[in-house]
Amino acid sequence: MLRSAAFSALRQTKAMPGKGPLFQAARAMASAAGEETVTFEFCDKTFEGYNIDIPSRSVTLTKAEAIGLYRDMQTVRRLEMAADSSYKHKLIRGFCHLCTGQEAVPIGIESAITKEDAVITAYRCHGFTYMRGASPVGILAELMGRKDGVSKGKGGSMHMYAPNFYGGNGIVGAQVPLGAGIAFAQKYKGEKTCTLALYGDGAANQGQVFESYNMAKLWDLPVIFACENNKYGMGTAAGRAAANTDYYTRGQYIPGIRVNGMDVLAVRQAVAFARAYAVENGPMVLEMKTYRYGGHSMSDPGTTYRTREEIQHMRSTSDPITGYKHRLLETGAATEEDLKAIDKQAKKEIDEALALAKAIPEPNGSELWDHIYVKGAEVPYLRGRVPEEVHYYSNVE
């Protein structure tokens, strides 16, 4: 039971008229199921709109849904911490881009869409891969190049996939037109689904982004172009690279919304709003203002172009997990004991997953030639690393 004065105020809020359809639907469903609900309010600066109204400034969830968001963020945080440690112990080689600090984005998105919707993003993709259904073992094994990784140990950090998750893409901005193509397929097949095509502020000036905007609007494709603005494209501050850093307005003829990307509930609310719009009306641009605590990748210390004080300030004032924890406690949706148990379980789950991933062997060298072509569509032979190394496909005449 929520007995606090805060809950009493929340109950009065729920009785107020004029709430949006998402609010009303959530309340009706929860009431029908007899589940206890809790309402969260957003401040005036949470959403900013461009040529469109902003989402409702309140959202109602069941207690289970509210706590689930915390659990997922804590799990992704622990997953990235394990990746960080493994990289420093040389278990992971090559490129590795972590989303520590940005957990509210993949968790908020996934909670607002359906499993039939599609997601495609850039190379900071571990959290999205997990939220789309991949296991921590599969993700960590992939990072370490093991045969049971989500991409059979051949993709690494930047090339992970899951059901209706199209990567993990290593070429800056290249996933945006691919996302428009996925949305074209959805519309062509008459599906009431949409695609989230995510990119960073560093990719926002790519010509292919604007070409994708144009085609999506011409055909009213059900695509949400979502810019994760973490303030730095590699080591370059957004303001040094872009004449207009209001990324949500850069669709010009496409409406846009800027949202606090450090607030998982705000991301959830904005994406739910954008999804409903996109499925019926066509594209929308979202800008999620977020922040990464680490460098651009594991090879970047992240402190040559910004101060340690800036990073610490963001950690202490805007951390998505800490901030959401306070909201859960303030509304009575969870107790300190509940959240401590979740923290402990998340650590245990990822520690166990890491141990299992370490025990998985690397793929056999002969598997290098697999999964290049669909079976039956192979070319007669492929050249390897040097001209003398040639592989012939036995089933091709």
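Up top is the structure.
From a predicted model like this one, the values you see are computed outputs, not experimental measurements. (Residues numbered from 1 in each chain as written. Predicted model: local features only at pLDDT ≥ 70, side-chain atom pairs only at ≥ 80, totals over all residues. Heavy atoms only, no water.)

**Description of the overall build of the chain**
What the chain contains, in helices and strands, is 13 helices and twelve strands. Relative to a compact globule of 397 residues, whose C-alpha radius of gyration would be 21 Å, the chain shows 22 Å and is just as compact. Here the C-alpha coordinates of the chain stretch approximately 75 × 50 × 45 Å along the principal axes. Buried residues in the chain amount to 50% of all 397 residues. Long-range contacts, defined as pairs at least 24 residues apart, comprise 70% of the intrachain contacts of the chain with a sequence gap of at least 6. If you sum the accessible surface of the chain, you get close to 18,800 Å²; carbon and sulfur atoms cover 54% of it. Measuring between centres, the 46 positive side-chain charges of the chain sit 3 Å from its 44 negative side-chain charges. (Helix = DSSP H or I, 4+ residues; strand = E, 2+ residues; numbered from the N terminus. Rg over C-alpha atoms; globule rule 2.2 N^0.38 Å. Buried < 20%, exposed > 50% of the residue type's maximum accessible area, 1.4 Å probe, protein only. Contact = heavy atoms within 4.5 Å. Areas by Shrake-Rupley, 256 points an atom, 1.4 Å probe, with all protein chains shown as cover. Lys, Arg positive; Asp, Glu negative; His and termini not counted. Charge placed at Lys NZ, Arg CZ, Asp CG, Glu CD.)

**As for unusual backbone geometry**
Of note, the phi angle at methionine 234 is positive, near 55°, even though the residue is not glycine. Within the element layout of this structure, methionine 234 appears in the loop between β7 (232–233) and β8 (236–237). Positioned with a positive phi, histidine 371 is a non-glycine residue whose angle comes to about 65°. Locating histidine 371 in the fold gives a position in the loop between α13 (336–359) and β11 (381–383). Looking at histidine 371, the relative accessible area reads 61%, which means it is exposed.

**Description of the sheet that holds strand β9 (residues 256–260)**
Within the open sheet, the six strands sit side by side as β2-β9-β10-β6-β5-β4. Their pairing is mixed. Whereas interior strands pair on both sides, the edge strands pair on one side only; in this sheet they are β2 (47–50) and β4 (118–120). Here the average twist between neighbouring strands, direction ignored, is 20°. Contacting β4, β5 (195–200) and β6 (223–229), helix α7 (residues 175–188) runs over the sheet at an angle of about 175° to β5. The strands that helix α8 (residues 207–218) touches are β5, β6 and β10 (284–289); relative to β6, the one it contacts most, it runs at about 155°. (Pairing = 2+ DSSP bridges. Axes fitted to C-alpha atoms, helices over the stretch in contact; angles between N-to-C directions.)

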